[in-house]
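Report on the structure
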Amino acid sequence: MFAGRIVPDKGLDWLLKSIVGTDPRIQLDIAGEGWDRPRLERLPNTLGLNNRITWQGWCDSNK
């Protein structure tokens, strides 16, 4: 799980790259919004991870 602003300083691109080659049962939920989200939404496709990533968007404290 990643929860935070989706901007380069947070390192989400490194997290996505780190699961390449791991057990395909490992899934990643991403909660948050930010100006870098469009670029990072394309990255899993490039890395072959599209079916392992779920984009939750902005979540309130209850979710």
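Everything that follows concerns the structure shown earlier in this document.
Reference entry: report on the structure contained in this document. (Residues numbered from 1 in each chain as written. Predicted model: local features only at pLDDT ≥ 70, side-chain atom pairs only at ≥ 80, totals over all residues. Heavy atoms only, no water.)

1. With respect to the overall build of the chain
Defined as follows: The helix and strand labels rest on DSSP assignments: H or I over at least four residues marks a helix, E over at least two residues marks a strand, and numbering proceeds from the N terminus. Note on method: radius of gyration uses C-alpha positions; expected globular size equals 2.2 Å times residues raised to 0.38. Relative accessibility under 20% of the residue-type maximum defines a buried residue, over 50% an exposed one, and the middle range a partly exposed one, all with a 1.4 Å probe and only protein chains included. Per-residue and other accessible areas follow the Shrake-Rupley method at a 1.4 Å probe size, with only the shown protein chains counted as cover for residues.
Along the backbone of the chain there are two helices and three strands. For the chain, the α and β elements follow one another from N to C terminus as β-α-β-α-β. Its C-alpha atoms give the chain a radius of gyration of 11 Å, within 12% of the compact-globule value 11 Å for 63 residues. With 63 residues in all, the chain has 32% of them scored as buried. In the form shown here, the chain has an accessible surface area of approximately 4,300 Å², with 51% of it arising from carbon and sulfur atoms.

2. Observations regarding the pattern of salt bridges
Any two side chains of opposite charge can pair if their charged atoms end up close together. Stated formally: Salt-bridge detection follows one rule: a side-chain nitrogen of Lys or Arg within 4 Å of a carboxyl oxygen of Asp or Glu.
Applying the stated criterion to the full structure yields four salt bridges. One salt bridge in this structure joins Arg37 and Glu33, with 2.7 Å as the shortest N-O distance. When its relative accessible area of 39% is taken as the criterion, Glu33 is described as partly exposed. Here Arg37 and Glu41 are joined by a salt bridge, their closest N and O atoms 2.7 Å apart. Taken together, the positions of Arg37 and Glu41, both in helix H2 (residues 37-47) and four residues apart, correspond to about one turn of that helix. For Glu41, a relative accessible area of 33% translates into the label partly exposed. When salt bridges with common partners are traced through the structure, they connect Glu33, Arg37 and Glu41 into a single cluster.

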